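Each chain, written out:
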Amino acid sequence: MPDTTTGVVVIGGGSTGAGVLRDLSLRGIDALLVEKGDLASGTTGRSHGLLHSGGRYCVNDLAAAIECVEEGRILRRIAKTTIEDTGGYFVSVSEEDLAWEPRFVEGCGKAGITCERISVEEARRREPALSKHVRTVFWIPEDGHLDPFYLVMGNVESARRRGAQARTYTEVTGFTRDGNRLTGVLTRDTMTGEETSIGCKAVINATGAWAGFVARLLEVEVKVVPVKGVMVVLSHRVAHATINRCHKPGDGDIIVPALSVAILGTTSARVPHPEVLPIEWDEVRHMIEEGALMADGVSTARAMRAYAGVRPLYDLGAEAEGREMSRNFAVIDHEERDGIAGFASIVGGKVTTYRLMAERVTDLVARWLGVTTSCTTAEVPLNDRDDELDQLRHRPAQLGVPKPHGDELSLQPLVCECELVRPQDVAPWFEDAAVRTLEDIRRRTRTGMGPCQAAICSYRLAGRLVTDRHQDGPTATRAMADLLETRWRGVRPVFWGSQLRQAQVTAGLHLELFNLDRQLMFQSQPPSDALLPPPLPGEGRGGGEEAHAPEVASKR
Amino acid sequence: MKADVAVVGSGLAALIATRSLQKAGRNPVLIWPGLSSLYFVYATVDVLGYSDATSLQPVEHPGTGVAALIADHPDHPYARAGLDALGDGIALLMEWLEEAGFRWRGSLDRNLLLPTATGTPKPSCLYPESMAAGDLGRDEPIVLCGFEGYEDFVPELAASNLSRSWGRGDQSVRAIRVSLPGFEPGKMFTSIDIARNLENDAFRREVAQQIRGKASRGGDHVRVGLPAVLGLTHDTDVYERFQSELGHPIFEIPTLPPSVLGLRLFDRLRKHLQETGVEMIWAAPAHEAEVSDGQCRRIYLKSAGREHPIDARAYVLALEDMVDGALRAGVHSVVDPFFHQSLAHHAVPTERTDESLFKPQPFASIGYAVTDRLQPAAGDGHPLASNLFVAGGAIAGYDPTGTKSRGGLAIATGHRAAQEAMAA
């Protein structure tokens, strides 16, 4: 007997899996999502956040471009709060770019992308950041920024309100089957090691770059090629609108103003494993050089951190028969292809088209289950609650103007000053069992994503682990250090200019004022009962890293 | 502008150098480039907390510890400055604080272990009296008190950690919280708000009464640790009143920035210098040193759109690493702003840091190589200018973070650089 049962298990907590979960729940199908890390911690959360108008694909990949046009318009309706409708420029800076232009214009026409040629003078008037190298400019009103974190959380929250479940830090270790039919999945909690079996009628593999690993558990092959992309975050928006280079898509040719920052993207390098994503100095340097060709201020802005994501490119050659809809993503019916009933994979694609991908694979699985309700994800908005408060979206405009100290007892309350995150934005997530680490709080609220990279808010968040989650001090302190270390990893590749000043303040605060390095050394020593007092009532004995996972998990 | 000795910097090294010159009857000008590092990290003055960056055993006698360090590492800035400069500089600082109306405690004979806001014992050499009752060498049980709506000191976190590293027998740590007058759910405070409000008698008495009710449950002999918000301007005024109103010994614990302790200390010392006639030039970054015949003839300040030369007989560069812009880090080279020397070159920016934030960072050791007299040295070891001296964090080759020695090094090198400047 399985420990729990559901209708459909969705594996993968990126935009696709979250979209599938929501689609299933809107069709009234009982569903449970499992994700081996946090939601949006894989490809989705590490994307550059460009909401594609389709302009980038319209020459080489017309089908994908057309999908982007349609899906972009749908997202503007259903996921308004996840989108910054900035519009975008496609700029030419070289002879080769100019030669690309006729094909670009033709592609936009075929795909139905609104595209307007404007004079460089007019473009500079609208966007003074355009560099002196810019020779011609197209205005593409439907490019924008899509916040990948809010998109995933919004889909999952919408599904949860309809009874779906999501389990984070839950890895699939195997399947149960009855002959050729899947009857469930076996999972393991990656923090506690706890094993659970989940009975179900169907399983959807929505793990993107990891799809091959999941399929292999059933001894079937799904060929996904992991291709790394490196991004650089600048500390301010640099430009008002997205800027693309008008050429054959290449490295370092996208600038996306995203909330309080700008993101430069990206590179393309095949990697042996989706979790091996080294950031090379040449990649960072190249991105900044290329970005500076398009916009002033890229080379002088403070580069705040670098990160790498992995594209799940689907190897179409061998799988042509599994392809249902498009060159860019494929739904694989494993019953038809491999004789495993109740198992489907959705591979390839990109964040902009996540909804369509979810719709296609859910169509297949609904058919298996005999559910005839049609897909409504293109009509029902993500945030369809009655209450106006949208916890997922932090809105600086709502904060008002902080009062200068002197005239009032209190200032506008903020947990993270860099990203203007309020206590009420953070508090509910401390009650969510899916949230296990402070990085998970960051992904849901942007806390710690600003210029100080959690130097200040990490202490406040650790405090809340103790007061709101009743963790012991060492566990919360370890979590605080983990958040700082994760942020530090992204800072190191862009360590020049005022980054050094920031790092000195961060180190001064945590190592000198708090003596945190000694706190961590002390915690990692094997506990010696002769030296330690008995635990306080209601507390476990914190013993550093080992104690971390069970402690957090016990609050689930 | 002409000057006797120009001191450039906004940290403790600059303050000590200026004071040393003033006390010796000289006429220093203090050029203050911007916000002081004191605001961020200073609360106590740490001379030597640990003998190295990996030791967990605190140094008990900082004076002896520094002497041993000097014997083992003749190139260390402490060795360059000399043990006497440290002793004399500390004597100068303690006397100065007293003259300025502040009460500080401590000496080179002993490090006190004081709890931090994470509940970690930290060895501290000099400290304001308002922190002294936190001494973890004492036995009284500790009650850590936080305020609703103030998240920059979390007593539950600190108490939970402290109870593991400290506490035998009767010793215990407990966390309590009180609501400040005017608090309502959703309201939040900064350290500055609370510090200012605690200067108000009625406000403070109400807070004291609340704390008394909760703290006394731990017995008559408890001591109460509070975030360092006991008054914005004076170091003992609010502390003393509050302590007598509360009826228990109290002690301050430094918090997240803005650090009220750093604010109080820096503002008081700066104002005292001004009250006693030292000329200060504010918020003017200094750059470009003009050198001829082995002497620095002038330095230039950037102010309001034009350059402003300062001609002094001698100069003390007492800049604190990166915080006040002493060093300019390009992608590959770190360059000093005065001589445009490349102080370090890195093929890849990643080389400047350790994989862990909590380990010694290569970038923190970047700075001027100095001569035995603290003059910035050229590659061949000769001084770049015979009348220019470096103090504080801008000296190469050491990182005070792991050994908790930033304050002591600032004092020793600041004092020594001032002596050298007078002799130049």
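What counts and how
- Residues numbered from 1 in each chain as written.
- Chains lettered and ligands numbered in written order.
- Predicted model: local features only at pLDDT ≥ 70, side-chain atom pairs only at ≥ 80, totals over all residues.
- Helix = DSSP H or I, 4+ residues; strand = E, 2+ residues; numbered from the N terminus.
- Buried ≥ 20, exposed ≤ 12 C-beta atoms within 10 Å, placed from the backbone.
- Pairing = 2+ DSSP bridges.
- Domains from an automatic or database assignment.
- Contact = placed C-beta atoms within 7 Å.
- Nonpolar A, V, L, I, M, F, W, Y, C, P; charged D, E, K, R; others polar.
- Axes fitted to C-alpha atoms, helices over the stretch in contact; angles between N-to-C directions.
- Left-handed = near helix turned anticlockwise from the far one by under 90°.
- Arc of directions from axis to C-beta.
- Expected span 1.5 Å × (residues − 1).
- Parallel < 35°, antiparallel > 145°, perpendicular 65-115°, else oblique.

This part takes up the overall build of chain A. Check the secondary structure of chain A and you find 17 helices and 22 strands. The proportion of buried residues among the 556 residues of chain A is 56%.

All names here are of chain A. Read across the sheet, three strands follow the order 4-9-5 without closing on themselves; strand pairing throughout is antiparallel. Single-partner strands in this sheet number two, and they are strand 4 (50-51) and strand 5 (83-84). Pairing geometry for strand 4 and strand 9 (residues 144-146), over two bridges, is antiparallel. By the bridge assignment, Leu51 is partnered in strand 9 with Gly144.

As far as domains go, chain B holds domain 1 (2-102 + 265-423) and domain 2 (141-248). Centre-to-centre, using C-alpha coordinates, domain 1 of chain B lies 35 Å away from domain 2 of chain B.

Facing 54 residues of chain A, the contacting portion of chain B comprises 52 residues. Listed by contribution, the elements that provide at least two residues to the side of chain A that touches chain B are helix 13 (457-467), helix 14 (473-491), helix 15 (498-513) and helix 16 (516-524) of chain A. Ranked by residues supplied to the side of chain A that touches chain B, first place goes to helix 15 of chain A with 10 residues. Here the side of chain A that touches chain B is built from residues that sort into 33 nonpolar, 12 polar and nine charged.

Residue and element names in this part refer to chain B. The antiparallel open sheet is built from three strands, whose spatial order is 15-16-17. A single partner strand is all that each edge strand has here, and the edge strands are strand 15 (328-329) and strand 17 (342-345). Taken together, the two bridges between strand 15 and strand 16 (residues 333-335) define a ladder with antiparallel strand orientation. Counterpart to Ala329 in the pairing with strand 16 is Val334.

Let us look at the domain arrangement of chain A. All names here are of chain A. Along its sequence, chain A is carved into domain 1 (4-43 + 149-223 + 315-369), domain 2 (83-142 + 225-312) and domain 3 (400-553). Relative to domain 2, the C-alpha centre of domain 1 lies at a distance of 32 Å. Facing the eight residues of domain 1 at the interface are seven residues of domain 2. Broken down by class, the residue content of the side of domain 1 that touches domain 2 amounts to four nonpolar, three polar and one charged.

All names here are of chain B. Where helix 1 (residues 12-23) contacts helix 13 (residues 406-423), the axes come no closer than 8 Å and their chain directions differ by 40°. Once helix 1 is placed against helix 13, the crossing between them reads as right-handed. Side by side, helix 1 and helix 13 meet where Leu12, Ala13, Ala14, Ile16, Ala17, Ser20 and Leu21 of the first sit next to Gly407, Ala410, Ile411, Thr413, Gly414, His415, Ala417, Ala418, Gln419, Ala421 and Met422 of the second. By residue class, the composition of the contact of helix 1 with helix 13 is 12 nonpolar, six polar and no charged.

All right, on to helix 3 (residues 62-72) of chain B then. Residues and elements named next belong to chain B. All of the buried residues along helix 3 are Pro62, Gly63, Gly65, Val66 and Leu69. With its buried residues spanning 160° around the axis, helix 3 presents them on a single face. Turned more than 90 degrees away from the buried face of helix 3 sit Ala71 and Asp72, all of them exposed. Buried-residue contacts for helix 3 involve helix 4 (77-81), helix 5 (83-99) and helix 13.

To continue, consider the environment of Arg446 of chain A. Inspection of the secondary structure assignment puts Arg446 of chain A in the loop between helix 12 (438-445) and helix 13. Separated by 296 residues in the primary sequence, Arg446 of chain A and Tyr150 of chain A place their C-alpha atoms 9.8 Å from one another.

Residue and element names in this part refer to chain A. For helix 2 (residues 62-78), spanning 17 residues, the distance from its first C-alpha to its last is 24 Å, which sits close to the expected 24 Å at 1.5 Å a residue. Of the residues making up helix 2, those classed as buried are Ala64, Ala65, Glu67, Cys68, Val69, Glu71, Gly72, Leu75 and Ile78. Contact partners of the buried residues in helix 2: strand 4, strand 5, helix 3 (95-111), strand 9 and helix 9 (354-369).

All names here are of chain B. With their axes 10 Å apart at the nearest point, helix 1 and helix 5 run at an angle of 85° to one another. What the angle tells us is that helix 1 and helix 5 run roughly perpendicular. The segment helix 1 lies against helix 5, with Ile16, Arg19, Ser20 and Lys23 engaging Gly89, Leu92, Leu93 and Trp96. For the contact of helix 1 with helix 5, the per-class residue count stands at four nonpolar, two polar and two charged.

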